[in-house]
Amino acid sequence: MAETKAIVSSLKKGIEEFDTDVSREEVGEIVEVKDGIVVIEGLKNVQSQEMLAFPGGVAGLALNLEAETVGAIVLGDYTGLKEGDVVRRTGKIMSIPVGEAMVGRVINALGQSIDGAGEIETMEESPIEKIAPGVITREPVGVPLQTGIKAIDALIPIGRGQRELILGDRQTGKTTIAVDTIINQKGQDVICVYVAIGQKESKVARTVNMLKDRGAMDYTTVVLASASDPAPMLYLAPYAGVTLAEYFAAKGKDVLVVYDDLTKHAWAYREMSLLLRRPPGREAYPGDVFYLHSRLLERAANLNDNFGGGSITALPIIETQAGDISAYVPTNVISITDGQIFLETNLFNKGTRPAVNVGLSVSRVGGAAQIKPMKKVAGSMKLDLAQFRELEAFAQFSSDLDADTRKRIERGRRITEMLKQPQYSPLPVEQQVLAIFAVSNGYFDDMKVEDIKKAEADYVKFIEGTRPALVEKIRQGEWADEMVEELKQASQEYINKQKKSD
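On a predicted model such as this, the values are computed, not experimentally measured, just so you know.

1. Some remarks on the overall build of the chain
Logical step 1: Across its full length, the chain carries 15 helices and 16 strands.
Logical step 2: Counting only residues that meet the buried cut, the chain has 52% of its 502 residues in that class.
Logical step 3: Counting contacts in the chain only where the partners sit at least 6 residues apart, residues at least 24 apart contribute 73% of the total.
Logical step 4: In the structure as shown, the chain presents an accessible area of about 23,600 Å², 50% of it carried by carbon and sulfur atoms.
Logical step 5: For the chain, the separation between the mean place of its 59 positive charges and that of its 71 negative charges on side chains is 4 Å.

Now the structure itself:
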C-alpha cells in the first residue's frame, strides 16, 4: 500500500513538473569530410557566415550555400568528425570576443588565449565580417604614424588611417619594418595588433619576447594562426585582427594593424575554395580573391569625430617571388592600398638595411603624413637621392667626371649611408630631422662614408646637449627661419669642434 502511494505521489509530482514547451532546432547531417571542410545536408535556412555546432564541441562556419548541401569550414580539430554526424545551427554570425583585456595577450583566430596566461575575461563580442566605413564617416589622413625608420618617415611617410603595403622577397626585412613600427609606438598612444598568418610558432615566439623586452607588449595584441593550424584558421586571422582594431577605433583610439602576411592568407583561401569546389581562376585562385583582401583593407580608416574619431592604420605584408611585383596577388593588394614599400634583395645583399627601393616605393598620402620639419628637410634629400641614382648609373661608364657631378655622387653616398639603420632600433622623429638636415646641407661631405654612422650619433648628441629647446620645438612640429639659422650655427659649431679634435 505504501509502495502504491509512493508511486502515485511520484506520478503527481512528475505531472506537475511536466514542461509542455516544445523547442525546435534545425539540424543537418555530415555527408562528406575532407581536410577541414565538411559538406552537410539538411540545413535549409542556414545563413552565410553562420556558426555551426559539430559533435565534441567543435565549431564550424557555413560558407557555401548550395541547393541541396552546405559547405562549411571546421574551426578546430576535424579528425573526430565523420559521415552521419549531426550538425546544429547556432543562429549566430561568426563573432570573436573583444575588449581591453585583449591588450598584451597572444590569441588565436577565434579570440581565445594561447599564451598560457589564463582565460581572457571580456563580455563583449563583435562579428568578424563588417561593412567598411563609408565616405561620410572618414576624414582625410593628416596625422603622421612615425615608424622610427629614417628611409620611410622621410621618403615614404605613413599617416594614421593609411594602408601602406610592405612587399619584397623572402628574408628582405619585411617583418622587421613592421615590428620596428610597433616598437616606435611606445608612448604615442597607439594600440597595435600584430596578425601572424602561417608563420612558424618559434619565429612568432621570438617576436613576442622581443616586444616584451622593449615594453611593446603593453599596448600590443598578437593574433596567431600558425603554419601548423588548418587553413580556415589562417583565413579568419586577419579578420579577427581588424575586428579587435575596430573596437578600439570606435572608442577614439589610434590603432596599427600588421598583417604578416597576406600571401599565405591568399594561399589558405585558395586551398579552402578548391576543397569547397569553387571554380578556380588565374593561378588557381578563386574569382573573389580580390574581394578577400579589399573587404579586409577597406576597414582601415581615419574616422571623423561623429563616428568615434579613431583610426586604423593597416600595414599588409606580401611576399613576392624573384621581385615580381606584377604577379596576381601583389598587383591586387597594390591597387587596394595607399602606397607600397618595396624591399629589394640586391640592396639587402649589398648591406643596405632597410633595403627600401625608393624608386619603386611610394606613399599616396605623402607630405600630409609628415610634421613640418621633416617635410622641409626631406624635400631636398629626395632630390639629392634621385640625382644620385641617375648619376651613379652614369658614373659606372665614365671615370672622368666634373666636380659638380662628383660632389652630387659623394653626397648621395653619404645620404644612403645615413639612411641605413639596424633592426629593432627606431629613432624619434626629432633625431631623424637633425641627421637628415646635417647630411642634406653638406655638413658631412668632408667625412669618410664609413664614418657617417658615428658622426650622425655624435652630431645628434651634440645638438641635443647644446640646443635642447630647439630639439623640443622640432619634436613639437615647429619650423621657422630663425630655427634653421640656429641649427646651421649649431651644425657649424659641431664641425669646428670635430676639426679641432682631429
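2. Thoughts on the sheet that holds strand β5 (residues 69-75)
Logical step 1: The strand order β1-β2-β5-β4-β3-β6 describes a closed barrel built from six strands, whose pairing is antiparallel. Within the sheet, the average angular offset between the axes of one strand and its neighbour, ignoring direction, is 45°.
Logical step 2: Sheet topology note: the strand β1 (residues 27-34)/strand β6 (residues 86-93) ladder contains three bridges and is antiparallel. Its bridge partner being in β6, Val-27 is matched across the sheet by Arg-88.
Logical step 3: Strands β4 (59-65) and β5 of the sheet are contacted by helix α5 (residues 231-249), whose axis makes an angle of about 80° with β5.

3. A word on helix α13 (residues 452-466)
Logical step 1: For α13, which comprises 15 residues, the first-to-last C-alpha distance of 21 Å matches the rise-based estimate of 21 Å (1.5 Å per residue) to within 8%.
Logical step 2: Where α13 is concerned, the buried positions are Ile-452, Ala-455, Glu-456, Tyr-459, Val-460, Phe-462 and Ile-463. One side of α13 holds all its buried residues, which, seen down the axis, span an arc of 160°. Turned more than 90 degrees away from the buried face of α13 sit Lys-454, Lys-461 and Gly-465, all of them exposed.
Logical step 3: Lining the buried residues of α13 we find α2 (150-155), α11 (403-419), α12 (429-440), α14 (468-475) and α15 (481-501).

4. Side note on the UniProt feature "domain: ATPase F1/V1/A1 complex alpha/beta subunit N-terminal" (unreviewed entry) in the chain
Logical step 1: Those places that UniProt annotates as "domain: ATPase F1/V1/A1 complex alpha/beta subunit N-terminal" (unreviewed entry) correspond, in this numbering, to residues 25-91.
Logical step 2: This span, residues 25-91, is 0% helix and 55% strand, and a straight line between its end C-alpha atoms measures 10 Å.

5. Some thoughts on a negative patch on the surface
Logical step 1: A surface patch of negative charge is lined by Glu-29, Glu-41, Glu-68 and Glu-83.
Logical step 2: Residue placement: Glu-68 occurs in the loop between β4 and β5.
Logical step 3: Judged by relative accessible area, Glu-68 falls into the exposed class, the value being 57%.

6. Brief notes about a nonpolar patch on the surface
Logical step 1: Residues Ile-7, Leu-11 and Ile-15 make up a contiguous nonpolar surface patch of about 330 Å² in total accessible area.
Logical step 2: Here Ile-7 shows up in helix α1 (residues 2-17).

7. Details of the UniProt feature "binding site: ATP" (unreviewed entry) in the chain
Logical step 1: Sequence positions flagged by UniProt for "binding site: ATP" (unreviewed entry) are, in local numbering, Gly-168, Asp-169, Arg-170, Gln-171, Thr-172, Gly-173, Lys-174 and Thr-175.
Logical step 2: Secondary-structure assignment places Gly-173 in the loop between β10 (165-168) and α3 (174-183).
Logical step 3: What Gly-173 contacts, discounting residues up to four positions off in sequence, is Leu-343 and Phe-348.
Logical step 4: Following the sequence through the fold, Lys-174 ends up in helix α3.

What counts, and at which threshold
- Residues numbered from 1 in each chain as written.
- Predicted model: local features only at pLDDT ≥ 70, side-chain atom pairs only at ≥ 80, totals over all residues.
- Heavy atoms only, no water.
- Helix = DSSP H or I, 4+ residues; strand = E, 2+ residues; numbered from the N terminus.
- Buried < 20%, exposed > 50% of the residue type's maximum accessible area, 1.4 Å probe, protein only.
- Contact = heavy atoms within 4.5 Å.
- Areas by Shrake-Rupley, 256 points an atom, 1.4 Å probe, with all protein chains shown as cover.
- Lys, Arg positive; Asp, Glu negative; His and termini not counted.
- Charge placed at Lys NZ, Arg CZ, Asp CG, Glu CD.
- Pairing = 2+ DSSP bridges.
- Axes fitted to C-alpha atoms, helices over the stretch in contact; angles between N-to-C directions.
- Expected span 1.5 Å × (residues − 1).
- Arc of directions from axis to C-beta.
- UniProt positions renumbered as here; feature names shortened; annotations may be inferred.
- Patch = residues over 30% accessible without salt bridge, like charges linked within 9 Å, V, L, I, M, F, W, Y side chains within 5 Å.
- Salt bridge = Lys/Arg side-chain N within 4 Å of Asp/Glu carboxyl O.

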